[in-house]
Amino acid sequence: MRLRTVLATFTAGLAAATSLAAAGPANADPQQNQAKTACSPSVSLDRFSDALDKTTYDGTFVGNFSALAVDRDGSLAAVSDRSSLFRLDPRTLRPAGVVPLADENGAALDSEGLVVDRDGTRLITSETEPSVRRYGPSGALLGRLPVPDALRVAPAGRAVPNGTFEGLTLLPGGRTLLASMEYALSGDAAGTVRFQTWTRRGGEFTLGAQYAYRADAGLGVPEVRATPDGRLLVLERGFTAGVGNTVRLYLADPRRATDTSGVENLTGQDGVRPIGKTLLADLVTCPSQGATAKQPQPNPLLDNIEGMVITGRSKGALKVLLVSDDNQNAVQTTRFYFLRVRV
């Protein structure tokens, strides 16, 4: 598959770029090294980078990142929720290009989710309506996917403002696109969010099945990524003033879940099987590795983590890159996290 070829190429380049940093002294204690990187038995943190924090490129603020994707040439695509699409060097993270995004009327987007399709088309969600639009690499608008009425922001639908399509991912094989709502619809049980799918038919995406996913109390879903075997990595996130962020990484499996597209209200009723999930790591347990925070955090490593992409494999683990959305705020940080995740 072309996507797997891209991931393999990108993984090889990234591994080569980091091999010197990863190499330790010949007599290094493996247990000590593991203690410095382990977040849980399933997740380890190789390193983090604040290199792009509060920088600009070509007159555009670099930050507000809400999603990441691997492009066909191995570079990173990164979308900001201020309607900008960046191209980043996969080794240095330095910007190598930026284009503005706009809707059909020329207005800016609240752009949140990002997928690079097999032909190079960018599929991008906007949280405002919500919407999923198709763009060319230059930022040209190519089209728009249908969205169920119930998922639209009230009063058009039952979604809460700033709580709609945050995550977007293409499942293996490229035939199914999935978007995750951040919060529950009005009338659904608190914490029960809907995952909407589209099926590719004749080159177009049509509405597909919908699933229920139960987020932890007080948390929403900012991002979701398909694993090579068809399961999902799901980020859950929350913020408490004076305390800081909660960020958890789950492995979820939608393959046995009930299609809820015909269920008006999700209240935990019998006969509706939500997506099963397994905790991989609560990121508060990750080693801080010298990170500092500009506001209270339960671990200074944490921030408003919002974007996630699988960049390849290494020694049986998925290489996963996370990024935080600094909201162009002086007390938040644009931070990249390089994880290894065993699923």
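Structure first, text after, so check above.
Residues numbered from 1 in each chain as written. Predicted model: local features only at pLDDT ≥ 70, side-chain atom pairs only at ≥ 80, totals over all residues. Heavy atoms only, no water.

K.L.:
Run through the nonpolar core, naming residues and quoting values.
P.N.:
Grouped together as the largest cluster of nonpolar side chains are 25 residues, with contacts concentrated most on Val43, Leu233, Leu249, Leu283, Val320, Leu322 and Val341. Only β1 (43–49), β17 (232–240), β18 (244–253), β19 (276–282), β20 (305–314), β21 (317–324) and β22 (336–341) provide two or more residues apiece to this core. Each residue touching Leu249, except ones within four places of it in the same chain, is listed here: Val43, Leu233, Val234, Leu235, Thr278, Leu279, Leu280, Ala281, Met308 and Val341. Of all hydrophobic cores here, the second largest spans 17 residues; its members include Leu178, Tyr211, Tyr250 and Ala257. (Core = buried A, V, L, I, M, F, W, Y, C linked by side-chain atoms within 4.5 Å. Buried < 20%, exposed > 50% of the residue type's maximum accessible area, 1.4 Å probe, protein only. Helix = DSSP H or I, 4+ residues; strand = E, 2+ residues; numbered from the N terminus. Contact = heavy atoms within 4.5 Å.)

K.L.:
I'd like to hear about the pairing of strand β16 (residues 220–226), residue by residue, with values.
P.N.:
Burial within β16 is extensive, with seven of its seven residues counted as buried. As paired strands, β16 and β17 are joined by five bridges and run antiparallel to one another. Paired with Glu223 across the bridge in β17 is Leu235. (Pairing = 2+ DSSP bridges.)

K.L.:
Which residues make up the environment of Cys39, and what values go with them?
P.N.:
Locating Cys39 in the fold gives a position in the loop between α2 (30–37) and β1. Apart from residues no more than four positions distant in its own chain, Cys39 is found in contact with Ser44, Leu45, Ala281, Thr285, Cys286 and Pro287.

K.L.:
I'd like a rundown of the side chain of Gln297, residues and numbers included.
P.N.:
By secondary structure assignment, the location of Gln297 is in the loop between β19 and β20. One polar contact links the side chain of Gln297 to the main-chain amide nitrogen of Asn245, over a distance of 2.8 Å. Excluding residues that lie within four positions of it along the chain, Gln297 makes contacts with Val243, Gly244, Asn245, Leu302 and Asp303. (Polar contact = N/O pair within 3.5 Å; in protein donor to acceptor, adjacent residues only side chain to side chain.)

K.L.:
Which residues make up the pattern of salt bridges, and what are the values?
P.N.:
Counted under the stated rule, the structure contains 22 salt bridges. A salt bridge links Asp216 to Arg248; the shortest N-O distance between them is 2.9 Å. With Asp216 in the loop between β15 (204–214) and β16 and Arg248 in strand β18, this residue pair connects regions lying 32 residues apart in the sequence. With a relative accessible area of 23%, Arg248 lands in the partly exposed category. Overlapping salt bridges bring together Asp216, Glu236, Arg248, Lys277 and Asp282 as one network. (Salt bridge = Lys/Arg side-chain N within 4 Å of Asp/Glu carboxyl O.)

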